[in-house]
Amino acid sequence: MTNYDQVRRFRTYLIGEKVMKFKVSKVAAILATAGLVLGGSVPPAVASKAIRFHLSGDVNVKDLWEKSLIPEFNKLYPEYPVVLVFDRNGANDAQTLAKIIGAKLTKRDPGIDLIDGPVTQLGAAGMLYRANPGLLPNIANVPRVLIKNGRGGIPYRASTVLLAYNSKNVKSPPRDLKSLLVWIKANPGKFTYNAPAGGGSGRAFVQTVLDSNLSPGEIKSLVERADKNVQVKWAKGFEILRDLNKFTYGQNGTYPTNNQATLDLLSKGLVDVAPVWSDMIASALKAGTMPKDVKVIAITGPSFTGGPAFLGIPSMSTNRDGARLLMNWLLSPAAQNLIVAGSMNGLPVIPVSMLDPVASANISDIDIRTLRPPYLSANHSDMNAAWAAAVPGK
Amino acid sequence: MTTSNETLNKENLAVLKTARLSLFGFFLSVPPVLIILLFIGLPIVLAFIFSLGFTSGPNRIIALLGQEIYTKDNWWGTFDAYKSVFNDSRFFGNLRTTLLVSFVTTVVVLTMSLGLAIYQRIRGGRVAAVLIALTLVPLFVPVVIAAFAIRSFYDGTGFFKSLFEIFGMNFPTLTMTTYAVAIGTIWTSLPFSILMISSGMQSIPDALIETAQDAGAGFLRIVRTIMIPLAFVPIVIAATFTAIGVMGSFTIPYFLGANQPTMLGVEIVNFFGPYNRPQQSVVMAFIIFAAASVIGFFYVWANVRSAKLSGKI
């Protein structure tokens, strides 16, 4: 047997007899055909006008978008379909921020055209595309102070935290923070608030108690920038909260994990008083999941926090025109009526006089310009961590 | 000349055939190994060096976003992140709760599984079959639904509380306590353990048990000297998987546990999200990893010992 024969047999054993029998020309023909078929079946790149909207919030906001806003917008502008991505309670905010920042640094598409979520953080870091106000005609109706607070984000809906109380058991609810604290100690086990890490209503309560021991200048600095020096002054507020452990629901220093858990306790009658979001309680009352006896009141001295939710367009977004169109439409009376009425029961960012009088009958007394703003998110993170170390289980 | 060439060629070709098969096998195993290395191994390495303070490259953006990030001050990194976690007032309480709940759950689950498996092996019959089928129900219920159901069952308006109210007695509200977490983890870990241990018991030959009975061995003696040693590997598998699974659990402690102390799974999520301290959450993850490795080592030892005894190695 010649050497060449040996080599041939070795090759045959390596790659199999059938393959060896295939002539090279046949193989080439098959590969070429496969290439044409695959190449031909790739669809031509369509200029996509879809608006990719990322929503980081609670489920009632998701319902608002899915059931009211997106269908109405697509009726008017069917060539701009809105694709909704929902992130419950901002659980993945860190990844979303990383995606957008990473896209800006690598000059790529972030996959998001419009975002309702950690917008002020993005704005402060310079990651947002700031539309020329001339391109957003409806923005003329929005109060200037709200736009300033947005740092590049545009407000489109607002809500505030209110004190909900069971009017059957609580005949005269406390009207300011001091009398609320007195009421809690006088009625052990009948009040609760959720852990600030889990939901905004408990976070607003904790921030309000802390703020009651700070000067207005100190509160302002916590709203505007990360300030560790002022955070030291939280100690007094945390002491007050720690003292409440024996008097809140359960009387063992445990707190519900999120907004909905607080509403559950309220609806089952296990607590009589609790801080709640204005839109969540209004939706629950309308849907019948909350007994009709539960009413709300805004406390003073200091009041609970609230404010608008902001929309932002990431600077590397590929569909800025569509996002701007959606943003502008959201500031129109038609869209604001949807936010106020329907299932959301939110607060509008344009004057109430521009809205449908029937839908806005219940909200005419809340002036959103005077809502106490929440801390900067970095201070909120520190507050969440400090609360968990100082209060529960102590 | 030709003959010896042919013989040589036949041997060579046999060797080549084996080489071809093992080469083929090697290339078949490369894709899954690559996927594991790339999507599991590489992120673990990146996370580990992030916990040591390497904040450049792929860790750049998470270091930008997070608060309380400790960057390295030596060539090998820094232990500052680990120090800050150990100095946190809540950490050791949470670690103790995690290890305690894992231990208690494993012991209770093993006891219940062994009891049921031995009963089914020795006695058999309809009752045992029905009981085993019932214990498999949690396997088909998603953990979130189970956690929510257990919460509704034990909370302030739950079943036991209402029942005892009828008789004028006070049943404690178990939700938001570590007891409810233990109840939840036992409920969800039971099916796997029962499956493993009962299958291990079923594979014990009848002859051994009957011989022992004929020789006059009592019931407990049979269990201790024959059944448990022969079902040793499945028991170890059930124990280690239960312990490691409970150690890293999130859903049950999130729904049913207290705010503090809680289990480390919930704390890691809290630190990564609401507290915006990703480096500390990675440190805690590696501490759980270290604890789980101890259990994993025990599992490997048991398997090696069993293989040695049966002569496989």
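Heads up: the structure comes first, above all this text.
Scope of this entry: the structure provided in the associated data block. For clarity, every value in this text was computed on a predicted model and none was experimentally measured.

Okay, the overall build of chain A next. Counting its regular elements, chain A contains 17 helices and 7 strands. Residues classed as buried in chain A amount to 42% of the 394 residues present. Restricting to contacts in chain A with at least 6 residues of sequence separation, those with at least 24 account for 78%.

The next subject is the overall build of chain B. Check the secondary structure of chain B and you find 14 helices and 0 strands. Helices and strands appear in chain B in the N-to-C order α-α-α-α-α-α-α-α-α-α-α-α-α-α. For chain B, the C-alpha radius of gyration of 27 Å lies well beyond 20 Å, the compact-globule estimate for 313 residues. Considering only C-alpha atoms, chain B reaches an extent of 100 × 70 × 30 Å along its principal axes. Looking at chain B as a whole, 32% of its 313 residues qualify as buried. At a minimum sequence separation of 6, the contacts of chain B that also span at least 24 residues come to 72%.

With that settled, the discussion passes to the pairing of strand β1 (residues 51–57) of chain A. Side-chain direction in a regular strand flips from residue to residue, so the side chains alternate between the two faces of the sheet. Residue and element names in this part refer to chain A. Of all 7 residues that make up β1, 6 are buried, and the element is covered over most of its length. Crossover β1 to strand β2 (residues 82–88) through helix α4 (residues 59–76) is right-handed. Note that β1 and strand β3 (residues 114–116) share 3 bridges and pair parallel. Looking at β3, one finds that phenylalanine 53 is bridged to leucine 114.

We now examine the pairing of strand β5 (residues 273–277) of chain A. Residue and element names in this part refer to chain A. Of all 5 residues that make up β5, 5 are buried, and the element is covered over most of its length. Here β5 shows a buried face lined by Val273, Pro275 and Trp277 and a second buried face lined by Ala274 and Val276. Across 5 bridges, the pairing between strand β4 (residues 154–166) and β5 is antiparallel. The residue of β5 that forms the bridge with valine 161 is tryptophan 277.

With that out of the way, let us pick up the interface of chain A and chain B. Of the residues lining the interface, 29 residues belong to chain A; the matching set on chain B comes to 30 residues. Among the residues forming the side of chain A that touches chain B, the class breakdown is 18 nonpolar, 8 polar and 3 charged.

Scoring rules and cut-offs
Residues numbered from 1 in each chain as written. Chains lettered and ligands numbered in written order. Predicted model: local features only at pLDDT ≥ 70, side-chain atom pairs only at ≥ 80, totals over all residues. Helix = DSSP H or I, 4+ residues; strand = E, 2+ residues; numbered from the N terminus. Buried ≥ 20, exposed ≤ 12 C-beta atoms within 10 Å, placed from the backbone. Contact = placed C-beta atoms within 7 Å. Rg over C-alpha atoms; globule rule 2.2 N^0.38 Å. Right-handed = clockwise from strand over helix to strand, strands pointing away. Pairing = 2+ DSSP bridges. Nonpolar A, V, L, I, M, F, W, Y, C, P; charged D, E, K, R; others polar.

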